[in-house]
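# Commentary on secondary and tertiary structure
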Amino acid sequence: MLMLAGCGSKHAGDANLAAHGSAEAPSHAERAVGVASVKPTPGDGVTGVVLPDTEALTVHDPVGRNYPIWVALPADYAAHPQQRYPVLYVTDALYSFPLVRSLRNLVSQHGVNLEDFILVGLPPQQGLTSKQSRSRDYTPSAPVRHAPDDFSAEEYGGAAHYRDFLATTVLPMIDARYRTDPARRAFAGHSYGGLFGAYVLVTRPELFHTYILSSPSLWYDDHVIDRFERDYANDHRALRAQVLLSVGSYETFGPGPRYFHQNNMLLHNRDFAQRLRSRHYEGLKVETSIIDGEDHFTVYPTVLTRALIEIFPGTGPYVSG
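Residues numbered from 1 in each chain as written. Predicted model: local features only at pLDDT ≥ 70, side-chain atom pairs only at ≥ 80, totals over all residues. Heavy atoms only, no water.

The subject of this paragraph is the overall build of the chain. Each helix and strand in the chain was counted, giving 8 helices and 8 strands. Taking all 321 residues of the chain together, 50% fall into the buried category. Long-range pairs, those at least 24 residues apart, make up 72% of the contacts in the chain with a sequence separation of at least 6. As displayed, the chain offers around 15,100 Å² of accessible surface, 54% of which is attributable to carbon and sulfur atoms. (Helix = DSSP H or I, 4+ residues; strand = E, 2+ residues; numbered from the N terminus. Buried < 20%, exposed > 50% of the residue type's maximum accessible area, 1.4 Å probe, protein only. Contact = heavy atoms within 4.5 Å. Areas by Shrake-Rupley, 256 points an atom, 1.4 Å probe, with all protein chains shown as cover.)

So, in structure tokens, the structure goes:
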């Protein structure tokens with residue numbers, strides 16, 4: 001289940017995006033092959049799907065929270081005991097972890113198209129829904145509410161704590177437990193996850209070498225991210241990072257149902273990229289892209305596929321089937 005609460009807009013973004021199934025109403029395909037007749041009942045003790053080459057860890061936050069941490073290792077990790085691997089951390093892991101793992105395994109073609117890398121997923125805090133956890137952990141401030149239905153989660157503004165929790169606890173644990181290359185640590189986030197990545201970029205950029213920011217919610221709290229960037233610029237001349245900033249072509253104002261009606265995220269992304277470039281930060285590389293034909297809910301798989309090919313190129317030459 002994916003819940004992208006408060007992502008593209010303050011109101012419509014609070015809706016949950018979820019996939020629902022019904023054991024009582026089999027699909028046309030199921031009826032055609034007779035699958036419905038063998039569906040398990042709740043008492044059958046059927047186990048869930050397990051993804052190979054993965055581990056599920058639990059990490060304790062000293063303030064009293066427990067977080068699952070999911071790790072997907074390259075298939076031949078054990079066969080190369082001397083090799084160190086780049087690491088990609090993904091927010092909203094309920095959705096992004098299986099997605100990126102599948103993309104990596106399909107596109108890689110045994111290292112020809114993609115270099116092997118370790119994937120680390122960051123799911124919600126144990127005991128909280130995705131909306132509750134991400135609304136608090138991925139946002140850098142308590143938002144200004146202009147209407148009663150603005151920002152419907154219980155808590156916001158915990159990004160600084162979550163950033164420091166990753167820096168002091170999660171990242172060192174992953175580096176100690178696995179054969180990582182800390183100099184090649186990448187981050188990927190979409191919507192609120194992208195906002196969190198932008199916040200880390202302009203507060204503690206050294207945590208990651210590469211930032212994949214997909215449709216970041218830069219509109220959040222009256223563009224509070226701009227204030228954090230200005231504060232960073234006042235004290236720093238260097239920002240050593242590669243930034244891949246992407247947005248779907250429908251994430252702007254338009255007449256159709258796939259367009260936004262409150263936030264022009266194409267404009268926000270363009271302005272943020274221009275601001276970063278105008279600083280002439282030492283070591284900063286910013287790339288922007290508009291993914292044609294995609295909206296806020298459909299753009300992320302394409303963004304990730306293109307980004308993986310760019311930041312983790314394989315031995316080549318590229319093969320496409």
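Counting 60 residues, the largest nonpolar core has I69, V71, Y89, I118, V120, V170 and Y211 as its most contacted members. At 8 residues, the largest contribution of residues to this core is made by helix α4 (residues 159–177). Excluding residues within four positions of it along the chain, I69 makes contact with E55, A56, L57, V59, V120, G121, L122, P123, V170, M173 and I174. (Core = buried A, V, L, I, M, F, W, Y, C linked by side-chain atoms within 4.5 Å.)

The next point concerns the packing of helix α6 (residues 220–235) against helix α7 (residues 265–278). Helix packing for two helices is described by the angle between their axes and how far apart those axes are. Remark: α6 packs on α7, axes separated minimally by 11 Å, with the N-to-C direction vectors making an angle of 5 degrees. Our classification of the angle between α6 and α7 gives roughly parallel. Here α6 contributes H223, I225, D226 and E229 to the contact with α7, which in turn contributes H268, F272, R275 and L276. Considering only residue class, the contact of α6 with α7 consists of 3 nonpolar, 2 polar and 3 charged. (Axes fitted to C-alpha atoms, helices over the stretch in contact; angles between N-to-C directions. Parallel < 35°, antiparallel > 145°, perpendicular 65-115°, else oblique. Nonpolar A, V, L, I, M, F, W, Y, C, P; charged D, E, K, R; others polar.)

This paragraph deals with the pattern of salt bridges. Under the defined criterion, the tally for this structure stands at 16 salt bridges. A salt bridge links R177 to E55; the shortest N-O distance between them is 3.3 Å. In this pair, R177 is assigned in helix α4 and E55 in strand β1 (residues 54–61), connecting sequence segments 122 residues apart. Judged by relative accessible area, which is 29%, E55 ranks as partly exposed. Ionic pairing is found between R227 and D231, a salt bridge with its closest N-O pair at 4.0 Å. Taken together, the positions of R227 and D231, both in helix α6 and 4 residues apart, correspond to about one turn of that helix. A residue is classified by how much of its surface remains accessible, and D231, at 37% relative accessible area, is partly exposed. Connected via shared salt-bridge partners are R163, D164, R204 and E206. (Salt bridge = Lys/Arg side-chain N within 4 Å of Asp/Glu carboxyl O.)

Now for the side chain of D221. Structurally, the position occupied by D221 is in helix α6. Of the side chains with opposite charge, R227 comes closest to the buried, unpaired D221, at an N-O distance of 6.3 Å. A polar contact is formed between the side chain of D221 and the backbone nitrogen of V144, at a distance of 2.9 Å. (Lys, Arg positive; Asp, Glu negative; His and termini not counted. Polar contact = N/O pair within 3.5 Å; in protein donor to acceptor, adjacent residues only side chain to side chain.)

A regular strand places its side chains so that they alternate between the two faces of the sheet. Burial analysis of strand β6 (residues 210–214) places 5 of its 5 residues in the buried class, the great majority of the element. Of the two faces of β6, the one holding T210, I212 and S214 and the one holding Y211 and L213 are both buried throughout. In terms of strand pairing, strand β5 (residues 180–190) meets β6 through 5 bridges, oriented parallel. Its bridge partner being in β6, A188 is matched across the sheet by I212. Each parallel crossover has a hand, and the one from β5 via helix α5 (residues 192–201) to β6 is right-handed. Taken together, the 5 bridges between β6 and strand β7 (residues 238–248) define a ladder with parallel strand orientation. Each bridged residue has a counterpart across the sheet, and for S214 the counterpart in β7 is S246. Each parallel crossover has a hand, and for β6 linked through α6 to β7 it is right-handed. (Pairing = 2+ DSSP bridges. Right-handed = clockwise from strand over helix to strand, strands pointing away.)

Pairing is mixed in the open sheet, where 8 strands are placed in the order β1-β2-β4-β3-β5-β6-β7-β8. Unpaired on one side and paired on the other, β1 and β8 (282–291) mark the two borders of the sheet. In this sheet, neighbouring strand axes are inclined to one another by 20 degrees on average, regardless of whether the strands run parallel or antiparallel. Relative to β5, strand β3 (residues 85–90) is paired through 5 bridges, and the arrangement is parallel. Opposite V87, over in β5, you have R185 as the bridge partner. On top of the sheet, α5 reaches β5, β6 and β7; it is set at about 135 degrees to β5, its chief contact.

All right, on to the environment of T169 then. By the secondary structure assignment, T169 is in helix α4. Judged by relative accessible area, T169 falls into the partly exposed class, the value being 22%. Along the sequence, T169 and D61 sit 108 residues apart, while their C-alpha atoms lie 7.9 Å from each other. Discounting residues that sit within four places of it in the chain, T169 has contacts with V59, H60 and D164. Polar side-chain contacts of T169 include one of 3.5 Å to the side chain of T168.

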